[in-house]
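Each chain, written out:
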Amino acid sequence: MRGEPLLDVSRLTVEYVTERGAVLACNEVSFTLRRGEILGLAGESGSGKSSLITALTRLQRLPALTTGGEIRYHTRDGHLLDLVTLDERRLRPLRWTELAIVLQSAMAAFNPVMRLKAQFADVIVEHQPGITGDEVAERTGRLLRMVGIAPERAHSYPHELSGGMRQRALIALALACEPELVVMDEPTTAVDVVMQRQIMAQILRLQRRLGFAVVFVTHDLSLLMEIADRIAIMYAGRIVEIGAPQQLYTDPLHPYTRGLRDAFPPLHAPLTKLAGIPGSPPDLRDPPPGCAFHPRCAQRLPECEQVLPRLHQVLPQHGERQVACLLHDSIDPGGEAS
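Scoring rules and cut-offs
Residues numbered from 1 in each chain as written. Predicted model: local features only at pLDDT ≥ 70, side-chain atom pairs only at ≥ 80, totals over all residues. Heavy atoms only, no water. Helix = DSSP H or I, 4+ residues; strand = E, 2+ residues; numbered from the N terminus. Buried < 20%, exposed > 50% of the residue type's maximum accessible area, 1.4 Å probe, protein only. Polar contact = N/O pair within 3.5 Å; in protein donor to acceptor, adjacent residues only side chain to side chain. Contact = heavy atoms within 4.5 Å. Salt bridge = Lys/Arg side-chain N within 4 Å of Asp/Glu carboxyl O. Phe/Tyr/Trp six-rings, centres within 6.5 Å; stacked < 30°, edge-to-face > 60°.

Looking at an unreviewed UniProt entry, one finds the protein named ABC transporter ATP-binding protein and attributed to Streptomyces niphimycinicus.

Asks: Can you walk me through the side chain of Thr218 in this structure?
Replies: Within the secondary structure layout, Thr218 lies in strand β8 (residues 213-218). Exposure remark for Thr218: the relative accessible area of 7% places this residue in the buried category. Only 3.0 Å separates the side chain of Thr218 from the backbone nitrogen of Asp220, close enough to count as a polar contact. Sequence-distant contacts of Thr218, defined by excluding residues within four places in its chain, comprise Leu41, Ala42, Gly43, Lys49, Glu186 and Leu224.

Asks: Looking at this structure, how should I read the pattern of salt bridges?
Replies: A side chain with one charge may pair with a side chain of the opposite charge, provided their charged atoms come close. Tallied over the entire structure, the rule returns 16 salt bridges. One salt bridge connects Glu138 with Arg142, and the closest N-O pair in it is separated by 2.6 Å. One end of the pair is Glu138 and the other is Arg142, both in helix α5 (residues 133-146) and four residues apart, which spans about a single turn. In this structure Glu138 comes out as partly exposed when scored by relative accessible area, which is 46%. Across the salt bridge formed by Glu241 and Arg321, the nearest N and O atoms sit 2.8 Å from each other. Separated by 80 residues along the polypeptide, Glu241 in strand β10 (residues 238-243) and Arg321 in the loop between β11 (312-313) and β12 (322-323) bring together distant segments of the chain. For Arg321, a relative accessible area of 1% gives the class buried. Sharing partners across several salt bridges, the network here consists of Arg35, Arg76, Glu98 and Glu180.

Asks: Would you explain the packing of aromatic side chains in this entry?
Replies: A ring pair, where both rings are aromatic, is described by two values, the distance of the centres and the angle of the planes. Scanning the entire structure with this criterion turns up three aromatic pairs. Seen from their ring centres, Tyr235 and Tyr256 are 4.6 Å apart, and the 55 degrees between their planes marks the pair as tilted. With Tyr235 in strand β9 (residues 230-235) and Tyr256 in helix α10 (residues 255-262), this pair connects stretches of sequence that are 21 residues apart. Accessibility expressed as a relative area gives 0% for Tyr256, which makes it buried. Ring centres 5.2 Å apart and planes at 85 degrees place the aromatic pair Tyr235 and Phe293 in the edge-to-face group.

Asks: It is not clear to me how the environment of Gly148 should be interpreted in this structure. Could you clarify?
Replies: Counting through the fold element by element, Gly148 comes out in the loop between α5 and α6 (163-174). The sequence separation of Gly148 and Arg168 amounts to 20 residues, and the corresponding C-alpha distance is 7.9 Å. What Gly148 contacts, discounting residues up to four positions off in sequence, is Arg168 and Gln202.

Asks: Looking at this model, I keep getting lost on unusual backbone geometry. Mind explaining?
Replies: Glycine aside, the phi torsion of most residues is negative, and most peptide linkages are trans. Cis geometry marks the peptide bond from Leu62 to Pro63, where omega comes out at 15 degrees. Take Pro63: it is sitting in the loop between α1 (49-56) and β4 (64-74). In this structure, Trp96 takes a positive phi of about 75 degrees despite not being glycine. Along the chain, Trp96 falls in the loop between α2 (88-91) and β6 (99-102). With a phi angle near 45 degrees, Glu186 is a residue other than glycine that sits in the positive phi range. Relative to the helices and strands, Glu186 is located in the loop between β7 (181-185) and α7 (193-210).

Encoded structure:
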């Protein structure tokens, strides 16, 4: 089944309710995730990445609300579920068995006053009620060993582990019930560079071995270039480009993607002066008309100030590629990019 659609997100809209009105954090976001695929999600802070993944996993809390769109999930047994409309009773059995999440701070995710073994037991017993205590202990040890942690550390409290061990233990917990999809929200942010590489190598080994799909959120576009099958670039609550890492590295179509790429220094290249993206992301309480990136874009057209470009498939020579930019678009009489 690897390569078949697992998640179809269509025009997903997430708003934050404020005293000044609704703030669009995700504005009609659409994409498809395939089984066994690693989809990277990159963009500056405030681009809507975290709002998107909490909507995907149904972990959002007020004042965030999903106000439109669909999240169609293809289950193992062939059923099609819209996660947006599922109530908590029907959603609960899917957590951990189908959908799991790894947060960026393991110390905040784990209960600080419970040993690891108790927290693993909570997840395992919830989804396999008839399991014995010995079987729970054996599976917990196996999961910890899978991420390079000695099974004996199951008796430890979270604060007794190093930052890297806590993060790897959180990954093991996410995989406790062999989910189809694991959402990772900057899982290496809280650890040093050496440990980041060790954790990423561990994630890739596990993903190849177990075959789960990943939505991987990070600010580090260079990291996604190494690990992702496809990368989605977000800006001001919208996806502005989706493509394979090599495509986005050698031939980015959206000026914002090009700016992100050029902000990271290559490891092997002549000495050059890096150029950042001028300006700041827009205030989503009062976004500019037209393309949200046009105030910062050196390639903007006059139409960019009024026309909102839609994410669309580009010409065949670019392969399986989508972009939302008038530089690669035509304008219809209705005033929107076609």
